[in-house]
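Secondary and tertiary structure notes
Each chain, written out:
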Amino acid sequence: MKNSSLWIRTAIILVIALVGIYLVFGPRRVPTGDDFTLAGIKQNLANNINLGLDLKGGSHLVMRVKLDEYLQNLTVNNETAALNAAKEAKDEGGNPYPIGEATHVTQNGNYQINLTVDDPSKAQAVVDAINKKVDFKNSGWLESVSGNTINWSLPVQAQNKLKEQAVDQALKIIDSRINTFGVKEPTLQKVGSAGSGQILLQMPGVEDPERVKQLIGSESHLMLMKVAGESYQTFPTEQAAKQSLGGTVPLNRLVLKLNEPDDKPKTTETTPNKPEKWMILESPAIVDGSELRDAAAFQQSGTDYNIRFNLKPAGAQAFGDWTGKNIGKYLAVVLNNEVKSAPVIKGQIFDTGTIEGKFTKTSGEDLALTLKSGSLPAKLDYQEERTVGPSLGADSIKAGVEASLGGLIFVIVFMLFYYRGAGVNAVIALILNMLLTMAALVVINSTLTLPGIAGLILGIGMAVDSNVLIFERIRE
């Protein structure tokens, strides 16, 4: 009976040991003969264990979301939206309300919007009309009416909440963008104080931080806007466009540069710069980038790529309603504050459009990715940047392995010399402990760093310590 129990225990230990060996050294596919060679074992070990930045090398970035700029832009956008909503509102008789001017304050942590009405008795009616289209209350803005002036202010508590939301949004967008690199176990997390807006990004194995920065921080703001007027009209300079508006651009208009792709074949000869063109667009946009559902780069001709995008249901419905009512008029496709094209509306369009920019394959795919992931709430300020070379990581791994093996061999020799046959059991237990620890790292998809190697070395001593106590008690 005792022998049967011993064999069962031995079989269980062997099965657990084999499972641990496979988890650490085995391939995640059908094994081949190459997997049993030294090179194959090393390759499988490298694939199974995620190495941190200090061991594998890569890019280390600390960035900060410009939260003050985020709140400034939010204030200006809300001012424009409130003024447009007030001008579009009408009383019971169908007459527009008498609206004055709108101003804003964005200094020293003070964010306010002021809107005046010519008739103080109509102020509350204007407020009600604005609240139907602009969501001030859910964003934390405080509203007050004094005489003919309507005021919205953003208290500190609401500012902190919006800042936190902006950092969380930036984290999600950065996470979706870095996934394109295929990096195993990148580190992305908040650092610093709660209101600092700092984000840490470590990408093991990526040694091109400039492309990482370009992809992370690139703008991807898409807007579909109506061209002002009934005809396709451009201006040679920005100043000329503003002069046509009386010298000042009203809040419901935008003057943007037209940067259409050149249809002429590319040559090596030097050609004069294309003359600048500027357009006047109606604001706000019919649909903006927040309504984007998907975007992908596709090859148009030769090496040129365009971007095809799809809208979410709500955006598609709004776009379809507008295009259906404006057939024969011009629509501007605006990307990052530049008009990429301004086609005429020939029929109702719902959820699909194209950005014709003659992009390269890399730039087209990067742009499609940033469009799809959404726009960052504010620009990023890079505070720290480091590139760790793979040679430094290789040296650390070599030193760690040598230290681990040295400690293991010393402990094995001591246990066999001091405890003789009982030391064999301690050595087997010690090796199994290290093997199962490594298997656990693989199973939970953990990242091994230099401190982690130090922990494994410490584990050797801690594991044998219990055996020493047991054997000393047995001797007594």
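Residues numbered from 1 in each chain as written. Predicted model: local features only at pLDDT ≥ 70, side-chain atom pairs only at ≥ 80, totals over all residues. Heavy atoms only, no water.

Observations regarding the overall build of the protein
A tally of helices and strands in the protein yields 13 helices and 19 strands. Within the span of the protein, comprising 476 residues, buried residues form 36% of the whole. In the protein, once contacts between residues fewer than 6 apart in sequence are set aside, the share between residues at least 24 apart is 69%. Carbon together with sulfur atoms contributes 55% to the accessible area of the protein, which is approximately 26800 Å² in total. (Helix = DSSP H or I, 4+ residues; strand = E, 2+ residues; numbered from the N terminus. Buried < 20%, exposed > 50% of the residue type's maximum accessible area, 1.4 Å probe, protein only. Contact = heavy atoms within 4.5 Å. Areas by Shrake-Rupley, 256 points an atom, 1.4 Å probe, with all protein chains shown as cover.)

Concerning helix α4 (residues 67-88)
Compared with the 32 Å implied by 1.5 Å per residue over 22 residues, the 32 Å span of α4 between its first and last C-alpha is a close match. Leu 67, Tyr 70, Leu 71, Thr 75, Asn 78, Glu 79, Thr 80, Ala 82, Leu 83, Asn 84, Ala 85 and Ala 86 are the residues of α4 that are buried. Those residues of α4 that are buried lie in contact with β2 (58-65), β3 (99-107), β4 (110-117), α5 (123-131) and α6 (156-178). (Expected span 1.5 Å × (residues − 1).)

Observations concerning the nonpolar core
Inside soluble globular proteins, nonpolar side chains tend to come together where they are buried. Within the largest apolar cluster, 47 residues are counted, with the highest numbers of intra-cluster contacts made by Leu 115, Val 126 and Ile 130. The biggest single contributor to this core is α6, with nine residues. Among residues more than four places away in sequence, those in contact with Val 126 are Ala 86, Tyr 97, Ile 99, Leu 115, Val 117 and Ile 150. (Core = buried A, V, L, I, M, F, W, Y, C linked by side-chain atoms within 4.5 Å.)

So, the pattern of salt bridges
As enumerated under the stated definition, the model contains seven salt bridges in all. Arg 64 serves as the salt-bridge partner of Asp 381, at 3.7 Å between the closest nitrogen and oxygen. In this pair, Asp 381 is assigned in strand β18 (residues 380-388) and Arg 64 in strand β2, connecting sequence segments 317 residues apart. What makes Asp 381 partly exposed here is its relative accessible area of 28%. Between Lys 226 and Glu 282 there is a salt bridge, and its shortest N-O distance comes to 3.5 Å. Taken together, the residues Lys 226 in strand β9 (residues 222-226) and Glu 282 in strand β11 (residues 277-282) connect sequence positions 56 residues apart. (Salt bridge = Lys/Arg side-chain N within 4 Å of Asp/Glu carboxyl O.)

A few points about the pairing of strand β6 (residues 149-153)
Strand direction decides the pairing type here: β4 and β6, joined by five bridges, are antiparallel. Across the sheet, residue Thr 116 finds its bridge partner in β6, namely Thr 149. Here five bridges tie strand β5 (residues 142-146) to β6, and the two strands are oriented antiparallel to one another. Paired with Glu 143 across the bridge in β6 is Trp 152. (Pairing = 2+ DSSP bridges.)

Structural notes on the sheet that holds strand β16 (residues 338-341)
What the six strands build is an open sheet, ordered β11-β10-β16-β15-β9-β12; its pairing is mixed. Sheet topology places β11 and β12 (287-288) at the edges, where each strand pairs with a single neighbour. As paired strands, β9 and β12 are joined by two bridges and run antiparallel to one another. If you follow Leu 224 over to β12, its bridge partner there is Val 287.

Here we look at the pairing of β16
Consecutive side chains of a regular strand alternate in pointing toward one face of the sheet and then the other. Bridging between strand β10 (residues 253-258) and β16 involves two bridges; their strand directions are parallel. Among the inter-strand pairings, Lys 257 is bridged to a residue of β16, identified as Glu 338. As paired elements, strand β15 (residues 331-335) and β16 share three bridges and run antiparallel to each other. Each bridged residue has a counterpart across the sheet, and for Val 333 the counterpart in β16 is Ser 341. Taken together, β15 and the strand that follows it, β16, pair antiparallel across an intervening segment of two residues, in which Asn 336 is found at a positive phi of about 55 degrees.

Points about the packing of aromatic side chains
For the coordinates displayed, the defined rule picks out three aromatic pairs. Through successive ring pairs, a cluster of aromatic residues spans Phe 136, Trp 141 and Trp 152. Seen from the ring of Tyr 22, Arg 28 lies directly overhead, with NZ or CZ sitting 5.5 Å from the centre. (Phe/Tyr/Trp six-rings, centres within 6.5 Å; stacked < 30°, edge-to-face > 60°. Lys NZ or Arg CZ within 6 Å of the ring centre and 35° of its normal.)

Topic: the sheet that holds β5
Strand order in the open sheet formed by four strands is β3-β4-β6-β5, and the pairing between neighbours is antiparallel. In this open sheet, the two strands that pair with only one neighbour each are β3 and β5. Strand-to-strand twist across the sheet, computed as the mean angle between neighbouring axes with direction ignored, equals 15 degrees. Set on the sheet, α4 makes contact with β3 and β4; between it and β3 the angle comes to about 175 degrees. (Axes fitted to C-alpha atoms, helices over the stretch in contact; angles between N-to-C directions.)

Comments concerning a nonpolar patch on the surface
On the surface, a cluster of nonpolar side chains totalling about 400 Å² of accessible area is made up of Leu 18, Ile 21, Phe 25, Ile 41 and Leu 45. Of all the secondary-structure elements, those providing two or more residues to the nonpolar patch are α1 (2-25) and α2 (38-48). The element that contributes the greatest number of residues to the nonpolar patch is α1, accounting for three residues. Tracing the sequence through the fold places Leu 45 in helix α2. (Patch = residues over 30% accessible without salt bridge, like charges linked within 9 Å, V, L, I, M, F, W, Y side chains within 5 Å.)

Keep in mind that these numbers describe shape and distance, not what the molecule does.
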